[in-house]
Amino acid sequence: MVEFEENSNQGFISAIHGTLIEVKGLKEQIRLYDLIKIVNHNILSEVIQINKDTIIAQCFESTSNIKLKENVIDLGQPLSMELAPGLLAHVFDGIQRPLELTFQKYTEGTLKKGLEFQPLSREKRWHFIPKKKLNDKVLGGDVIGTVQETKIIEHKILVPYNASGTLSFIAKEGDYSIIEEIYKLKKNGIEESLSMLQKWPITKGRPFKKRLPPNKPLLTGIRTIDLLFPIAMGGTFAVPGGFGTGKTVIQQNIAKCCNADILIFIGCGEPGNEIANILKQFIENIDPKTKQPLIDRTIVIANTSNMPVSAREASLFSGVSIAEYYRDMGYDVAIIADSTSRWAESLREISSLLEEMPAEEGYPAYLPSKLSSFYERAGVIKTLGRDPSENEMQGSLTIIGSISPPGGDFNEPVTAATKRVVQGIWALDSKLAYLKQYPAIDWLNSYSNYPEYLKEWWNERDIKWNEIEIDWFECRNQINEILSKENDLKLISQITGEINEFENQNFDLFMAKIIRNGLLIQNAFTEIEFYTDIKKLLGIVKIMLLLYKQGKELKKHEIYIEDLLDNELLNKIMNIGKSIPNEDFDKIENIKRELFHKLNSLIH
Ligand code: ADP
Ligand code: MG
């Protein structure tokens, strides 16, 4: 935590409105977003308004015992994250207090407000391996050495962005704490001592060399997503859905299964038991690739519904700053935030305390710009710093946020404003959820702007079957075509009251039913089905589209496969998702062969 001196800038509380305090007496050097501290309670607050004689600050803890005239002190800096080894596999609150230590206080019975903890341990020693030599020249962002932070992740020790120069000292390989000197930089005759620890203000994006277009998917193992509404590494997506439609399940599933190197899960204003649940899963679940618990690549930021609303915004931006730090090491980082609506609600609450002129439904007029300041921190980037061999590095930050529109109404302000800034939406539908057709991703209202960018990546990994030579992109087109025909027919039947009995349309409905049941519906809780890898996904889709292609062909000869195919084979096709594990791809190929022979025998 921040120390302060005797003669520092002091003031006193002149009014209290909910979590906001009005302060008088601070000198004019105070800046927006600087932290101030209520001295007797150790409570931190952030300056959000500076008036002629007063400033307004939002407190990160409950103001219930605070009295008028209590002293505050200007800490002269905005809320900053501590960045160094010791972040991974830990849980922090919105202002980076480690919950482990809070829990310790709780069990000791000494838990009270205004706890001051150092976010990262000063005692723990890390095994540092230098990657640079004496007299090497380094710039901000360069990798100076490494520390194996967890079994899975190597932490690159980066030169802070405000430093550069010639190495006049670098520590030998060995164990050091994050505050011990491990190198010195000399520039213009001035020598600076540096340790592994650096800080970064959460409201400011970390610099990078340039943005790059996205070119690989963040794979989720959820078929509807990876095929129809894919998200790219470095992309932005939102998951709007009414209560109980499966937002949390989808996000937790992605958090556990996705192919990002590092995952930051932010529980923002959601119930504490849900965060406890996901934490338990991270600890218990083993990453199949590395055979280590998932928590080793994860950081959890918990701002539960019973914590003060003013820390909600901080929890999101804290997560983003930590994510950018790992991105700058050259990693693919993903942020999952559940739920951004709780943040928007906190903005509304604070705005109304400030008596600002409300815009739609009481939300402040700056809601859209706030939302975009969060999502715009995502992207694929070339880092400013270089790896130890002086090569450029590339990293990405993906952001997925859930939205909980009241009554499931997607026209409400938070959903509407988010849609304008994100590149894709998985819209969850209450009707599908009610019918237990999970994931309840509504094919009509969802979209993704990424397929074009991901085409090539998928092509390089295609399973290439001679019987049906179409790539991932074409598979998407055809599945979309079938689902849109189904939708048209539904509309017509709503208008005319009946479905026309043309064979044509029967076949499309027949195909749509197979796709919905065998491809889109996917149980997030079964061992075989919760994660579908890309080979299995392509296998399922291509088998269905082989049926589609041949079916259309046969119809020209007045052969109707929807009447001719036996149920056993159809069931086999529809149950691939549920019954065949990813590893048994040969079994999927067998089904393809069986179908191909069957269709051929119908022709001859
Ligand atoms: P929300 O966060 O939108 O309020 P949840 O994610 O908590 O909703 O989901 C509510 C319930 O729906 C879950 O407890 C679970 O029983 C069911 N559910 C949601 N998604 C799935 C899924 N993909 N597979 C199986 N069940 C699901
Ligand atoms: Mg939820």
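Residues numbered from 1 in each chain as written. Chains lettered and ligands numbered in written order. Predicted model: local features only at pLDDT ≥ 70, side-chain atom pairs only at ≥ 80, totals over all residues. Heavy atoms only, no water.

1. A closer look at the sheet that holds strand S15 (residues 183-187)
Spatial ordering of the open sheet is given by S10-S13-S15-S16, a layout of four strands whose pairing is antiparallel. Sheet topology places strand S10 (137-138) and strand S16 (190-194) at the edges, where each strand pairs with a single neighbour. Sheet topology note: the S10/strand S13 (residues 165-170) ladder contains two bridges and is antiparallel. Paired with Val 138 across the bridge in S13 is Gly 165. (Pairing = 2+ DSSP bridges. Helix = DSSP H or I, 4+ residues; strand = E, 2+ residues; numbered from the N terminus.)

2. Digging into a nonpolar patch on the surface
A contiguous nonpolar surface patch, about 250 Å² in accessible area, is contributed by Leu 32, Tyr 33 and Ile 50. Here Tyr 33 is to be found in the loop between strand S2 (20-24) and strand S3 (34-38). (Patch = residues over 30% accessible without salt bridge, like charges linked within 9 Å, V, L, I, M, F, W, Y side chains within 5 Å. Areas by Shrake-Rupley, 256 points an atom, 1.4 Å probe, with all protein chains shown as cover. Salt bridge = Lys/Arg side-chain N within 4 Å of Asp/Glu carboxyl O.)

3. Concerning the packing of aromatic side chains
Under the defined criterion, the tally for this structure stands at 17 aromatic pairs. Ring centres 6.1 Å apart and planes at 25 degrees place the aromatic pair Phe 507 and Phe 510 in the stacked group. Here Phe 507 and its partner Phe 510 are both found in helix H12 (residues 503-520), three residues apart, which amounts to about one turn of the helix. Classification of Phe 510 by relative accessible area gives buried; the value is 15%. By way of ring pairs, the aromatic residues Phe 237, Trp 426, Tyr 450 and Tyr 453 are connected into one cluster. When the ring centre of Trp 472 is taken as reference, the NZ or CZ atom of Arg 476 above it lies at 5.7 Å. (Phe/Tyr/Trp six-rings, centres within 6.5 Å; stacked < 30°, edge-to-face > 60°. Buried < 20%, exposed > 50% of the residue type's maximum accessible area, 1.4 Å probe, protein only. Lys NZ or Arg CZ within 6 Å of the ring centre and 35° of its normal.)

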